[in-house]
Amino acid sequence: MSRRQEQLINLLLREPGWITAGSLADLLGVTPRSVRSYIAQLNARAAAGPQAAAPHPASSDSSTSNSAAPRSTVAHSASALPTALIESGPAGYRADRAALAALRSDSGRASTRDRLHGLVHELLEAQNGIDLRRTAERLYVSMATVEADLVRVRELLAGTGNTIQRSGARALLVGDELAQRRLVSKLAHEEMEHGSFDGEGLRRAAGLGSLEAEAFGPFKRELAAQLAEQGYYVNEFASADVVLHVAIAADRVSHGHPLEGTHLQPSAQQERLAGVVGALASQHFGVSLGQGDLQHLASLVLTRVVASDGSAGTEVPLDPEVERAVIRAVGHAAEEYLVDIAHADFIRRLSLHVQNLVHRAREQAFSRNPLTKSLKSSYPMIFQVAVSIASDITEQLDVLIREDEIAYIAMHVGGRLERSRRAEAALTATIVCPGYYELHDLLRSRLDESLGPGIEVTAVETRTDPDWAGMNTDLVLTTIEPPVPDERTVQLAPFITDADMQRIAAVASRRRRTRRLTRLRGELERYFSPDAFLRPLRAKDEEDAIRQLSAPLLAQGIIDEDYVRGTIERERLSSTAFTESLAVPHALTMTARRTALSIGIAEGSIRWGEGRIQVVALAAFSESERDAFQTVFEQLVEVLSERESLQRILRRGTDFGGFLDELVAVIDG
């Protein structure tokens, strides 16, 4: 499964209803044509049946696991996948969410993981240790398998403060109460990454047999509500993390393992939060927590909340040292990666988050992020920016920042970039509405209600003779007839109707498409140039074609002779002919000064390897622009690989300008 398909699945799993191809395209940074292609590939994968998606079978040793071990459940097995994972209709696309989740599951690994986690829970519950021989007999596996599992258990204990002591066939878990709770939390988070973060899944994953699954949801909702009343906001992941720790505390206390109180005097803030947590734990879990547990949990809550208005206020003062470190780290990342994140509101929110992160690190109460893997694979550039920020903060504040915490920073970065992207994507509008009794206000409110933030009204004209020529917005919405109507003008009735709203939406859609095509053409022009467009390309073989297409890039200083030699050597290793019509020669190294493409079009065809091709796209890759170029490169290869699209481009793109125009039109679909 490709990275783009994984991104598409993530978007569809988050979307409860229908979503258009255009919306998906905007979120993925591709064209609607590519979205349709990805969906067709996913549906084809499902239609191919279990042989295309079924996980590897578990080994015979792992086919039976401890009956007490927690198990991840998947709503649909791979063999039960429907023939259409993603349904299409007039409103766009809608996914079978459970089936998509099943497509990504790997139940083969789950069986081994279940047995491993079951062994850990057994060690946690056995105060005098466990007999490994009896464990092997009960699980119907060999002693060697249990020994191998114990090696994995030791790896799992890393960073929790626990160790394993061996005496012959007997194994004992050694660690204080906090260390053992960290281990339970780690087990639960690993399980929840592969399943649903609901009450039953959480209870099973953490082995919290003394608690009722139905209590988790109400506890979390009431906790969020009471925190909001006190001026705090806690996000969904952090909220689930708090619930997990409270549930672990309740379960451990019910089994006679409370935390001892400290001699430190809690702050008024901690006492209030301890009261909230204690009352909710008693109400929903039926457990009375002692002072030690309540102090610990109140501190934990404080490291996962921010002021609801996004400011520090008097309750959560911001450490100046943390703020300075974040300002420097964000400024460096913005300059290094050319990303628009150096905004005061972003720095404030991230500083509050980093301040909590520092507290968590010092208490070894690290937050797990179930989206870490998908963020790394789906948004590598955003994650790299977060890594840069985390690295700078680590150096300045001397604090350990784990990968899950970096993923939370990546979510902040992604949110900031998404807000910037949406602001850029919004269309501006001028309302022209002369008349009585604030008709323009009624029109504006109706626009906001029906079209949302996609259209931003930036000017209102109430005169009967407005300056039409001076209106520079994307749309002009007018209740009077303009002297010269154009493609951005929509004439409306004084009291706007549903038909008027539909016409505005249609014009807005055309304007967005025009903007998207302009942006796409601009992106392509970054990598193409008239000097590197050869038509006709007259070459006798691959090496001749590579040298001809390299010449303009050499002249511009984009590549050197080593890159040309590397491209020829790469071609000798294996042909880069993607299809019967297209070849994309390139070197194995990314040493070009910048990424660029040199296009050659033969009037007939030229010999390439064992076949003949008509289009050659020589690619000069630069390491720094790899991610930005990937989308353009994928789309270029896709359209030039389709016979009908290629013939259209060849027929109409007789010069460089025509080639770019046709390429943009075909990519947009």
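Residue numbers here run from 1 along each chain, matching the order of that chain's written sequence. Given that this is a predicted model, residues contribute local features only at a pLDDT of at least 70 and side-chain atom pairs are listed and counted only at 80 or more, while totals for whole chains, interfaces and linings are drawn from all residues. Computation of side-chain values covers all heavy atoms of the structure but excludes hydrogens and water.

Draft legend 1. A look at the overall build of the chain. The helix and strand tally for the chain stands at 26 helices and 15 strands. Burial status follows relative accessibility: with a 1.4 Å probe on protein chains alone, a residue under 20% of its type maximum counts as buried, one over 50% as exposed, and anything between as partly exposed. Looking at the chain as a whole, 49% of its 669 residues qualify as buried. In the chain, 71% of the contacts between residues at least 6 apart in sequence involve partners at least 24 apart. Note on areas: Shrake-Rupley with a 1.4 Å probe; residue coverage comes only from the protein chains shown. Total accessible area on the chain is roughly 31,900 Å²; 50% of this is exposed by carbon and sulfur atoms. Helix and strand assignments follow DSSP, with helices taken as H or I runs no shorter than four residues and strands as E runs no shorter than two, numbered in order from the N terminus. Note on contacts: a residue pair is in contact if any heavy atoms of the two residues lie within 4.5 Å.

Draft legend 2. Summary view of the packing of aromatic side chains. Stacked, tilted and edge-to-face are the three classes applied to pairs of Phe, Tyr and Trp rings, where Trp contributes its six-membered ring and a pair requires centres within 6.5 Å; stacked means planes under 30 degrees apart, edge-to-face means over 60, and tilted covers the rest. The full count for this structure, using the stated rule, is 4 aromatic pairs. With centroids separated by 5.2 Å and ring planes inclined at 20°, the aromatic side chains of Phe-219 and Phe-285 adopt a geometry described as stacked. Of this pair, Phe-219 sits in helix α11 (residues 216–229) while Phe-285 sits in helix α13 (residues 268–285), and the two are 66 residues apart along the sequence. Each member of the pair Phe-219 and Phe-285 is classed as buried. Between the aromatic rings of Phe-533 and Phe-659, the centroid separation amounts to 5.2 Å while the plane-to-plane angle is 40°, which identifies the pairing as tilted. Taken as a pair, Phe-533 in strand β12 (residues 533–534) and Phe-659 in helix α26 (residues 656–668) lie far apart in primary sequence, 126 residues in all. Look at Phe-659 and you get buried, because its relative accessible area is 2%. A connected cluster of aromatic rings, assembled from ring pairs, spans Phe-528, Phe-533, Phe-656 and Phe-659.

Draft legend 3. Here's a closer look at helix α14 (residues 291–302). Multiplying 1.5 Å by the residue count of a helix minus one yields the expected span of that helix. Taking 1.5 Å of rise per residue, the 12 residues of α14 would be expected to cover 16 Å, and the 17 Å separating its terminal C-alpha atoms lies within 8% of that figure. By the criterion of burial, α14 is predominantly enclosed, with 10 of the 12 residues buried.

Draft legend 4. Just the sheet that holds strand β4 (residues 163–167), in detail. Any two strands with at least two DSSP-identified bridges between them are counted as paired. An order of β3-β5-β4 is seen for the 3 strands of this open sheet, with the pairing classed as antiparallel. Each edge of the sheet is formed by a strand with only one pairing partner; in this case those strands are β3 (130–131) and β4. To get an axis, fit a line to the C-alpha atoms, keeping to the stretch in contact for a helix; angles then go from 0 to 180 degrees between the N-to-C directions. Those strands touched by helix α8 (residues 143–156) are β4 and β5 (170–174), and its axis lies near 145° from that of β4.

Draft legend 5. Region of interest: the environment of Pro-585. Relative to the helices and strands, Pro-585 is located in the loop between β13 (582–583) and β14 (591–608). The spacing of Pro-585 and Ser-574 is 11 residues in sequence and 10.0 Å in space, taken between C-alpha atoms. The contact partners of Pro-585, leaving out residues within four places of it in the chain, are Ile-546, Thr-567, Glu-571, Thr-576, Trp-608, Val-616, Ala-617, Leu-618 and Ala-619.

Draft legend 6. Spatial organisation of the nonpolar core. One finds Phe-528, Ile-606 and Leu-663 to be the most contacted residues of the largest nonpolar core, which totals 52 residues. With residues up to four places along the chain from it excluded, the contact list for Phe-528 reads Leu-597, Ile-599, Leu-636, Phe-656, Phe-659, Leu-660 and Leu-663. Membership of the second largest hydrophobic core comes to 31 residues, among which are Ala-334, Leu-350, Ile-389 and Ala-390. The criterion is simple. A nonpolar core is a set of buried Ala, Val, Leu, Ile, Met, Phe, Trp, Tyr and Cys residues joined through side-chain atoms within 4.5 Å.

Draft legend 7. Looking closely at the pairing of strand β2 (residues 92–95). Both strand β1 (residues 86–89) and β2 contribute to a ladder of 4 bridges, which runs antiparallel. What sits directly across from Ile-86, in β2, is Ala-95. Counted between consecutive antiparallel strands, the loop separating β1 from β2 contains 2 residues.

Draft legend 8. Region of the structure containing the side chain of Glu-571. On the secondary structure map, Glu-571 appears in helix α23 (residues 561–573). The side chain of Glu-571 sits in the buried core without any salt bridge; Arg-570 is the nearest counter-charge, 5.4 Å away. Of note is the side chain of Glu-571, whose polar atom sits 2.9 Å from the side chain of Trp-608. Excluding anything up to four places from it in sequence, Glu-571 contacts Glu-542, Ile-546, Thr-576, Pro-585 and Trp-608. Only four residue types enter the tally: Lys and Arg on the positive side, Asp and Glu on the negative side, with His and both chain ends excluded. Throughout this description, the term salt bridge denotes a Lys or Arg side-chain nitrogen within 4 Å of a carboxyl oxygen of Asp or Glu. Between N or O atoms, a polar contact is any pair within 3.5 Å; within protein, one atom must be a potential hydrogen donor and the other a potential acceptor, and residues adjacent in sequence are included only when both atoms are from side chains.

Draft legend 9. Spatial organisation of the sheet that holds strand β15 (residues 611–622). The strand order β12-β14-β15-β13 describes an open sheet built from 4 strands, whose pairing is mixed. Only two strands of the sheet have a single neighbouring strand rather than two, namely β12 and β13. Relative to β15, β13 is paired through 2 bridges, and the arrangement is parallel. By the bridge assignment, Ala-583 is partnered in β15 with Val-616. Packed onto the sheet, helix α22 (residues 542–555) meets β12, β14 and β15 and runs at close to 135° relative to β14.

Draft legend 10. Structural view of the packing of α11 against α13. Where α11 contacts α13, the two axes come as close as 10 Å, and the packing angle between them is 155°. In this view, α11 runs roughly antiparallel relative to α13, as classed from their interaxial angle. Between α11 and α13 the crossing geometry is right-handed. Along the contact surface, α11 presents Phe-216, Pro-218, Phe-219, Glu-222, Leu-223, Gln-226 and Leu-227, while α13 presents Leu-273, Val-276, Leu-280, Ala-281, Gln-283, His-284 and Phe-285. Between 65 and 115 degrees an angle is taken as roughly perpendicular, under 35 as roughly parallel, over 145 as roughly antiparallel, and anywhere else as oblique. A crossing counts as left-handed when the near helix is turned anticlockwise from the far one by less than a right angle, and as right-handed when that turn is clockwise.

Draft legend 11. Fine view of the confidence of the model for the chain. The pLDDT value expresses, per residue, how confident the predictor is, ranging between 0 and 100. Counting all residues, the mean pLDDT for the chain is 76, and 76% of those residues have values of 70 or more. No element of the chain has a lower mean pLDDT than helix α4 (residues 50–53), at 44, and none a higher one than α22, at 93. Low pLDDT (under 50) marks residues 50–82, which in the prediction has 63 contacts with non-local residues, meaning those over four places away or in another chain. Within the model, the stretch residues 193–198 combines pLDDT values under 50 with 11 contacts to residues more than four positions away or in other chains.

Draft legend 12. Here's a closer look at unusual backbone geometry. The step from Arg-535 to Pro-536 runs through a cis peptide bond, and the omega angle for that step is 5°. Here Pro-536 lies in the loop between β12 and α22. Here Asp-398, not a glycine, exhibits a phi torsion of approximately 55°, which is positive. Looking at the element boundaries, Asp-398 is found in the loop between α18 (380–397) and α19 (403–425). The exposure class assigned to Asp-398 is exposed, which follows from its relative accessible area of 72%.

Draft legend 13. Structural detail: α22. Over its 14 residues, α22 runs 20 Å from end to end, which matches the ideal 20 Å to within 8%, given 1.5 Å per residue. Across the chain, bend at a residue is computed as the angle between axes fitted to the seven residues ending at that point and the seven starting from it. The largest bend in α22 is about 25°, located at Leu-549, with the proline Pro-552 one to four residues further on. Taken residue by residue, α22 has Glu-542, Ala-545, Ile-546, Leu-549, Ser-550, Pro-552 and Leu-553 as its buried positions. Packed against the buried residues of α22 are β12, α23, β14 and β15. Sitting at the amino-terminal end of α22 is Asp-541, which places a side-chain oxygen 3.4 Å from the backbone nitrogen of Glu-543.

Draft legend 14. View of the pattern of salt bridges. For the coordinates displayed, the defined rule picks out 18 salt bridges. Two residues, Glu-122 and Arg-138, come together in a salt bridge whose shortest N-O distance is 2.8 Å. Residue Glu-122 is located in helix α6 (residues 107–125), and its partner Arg-138 is located in helix α7 (residues 132–139); the two are separated by 16 residues in the primary sequence. Notably, a salt bridge pairs Glu-177 with Arg-181, separated by 2.9 Å at the nearest N-O pair. Separated by 4 residues within a single helix, Glu-177 and Arg-181 lie in helix α9 (residues 177–192), roughly one turn from each other. By the burial criterion, Glu-177 is buried, and Arg-181 matches it. Taken together, the shared-partner salt bridges in this structure form one network comprising Glu-177, Arg-181, Arg-252 and Asp-293.

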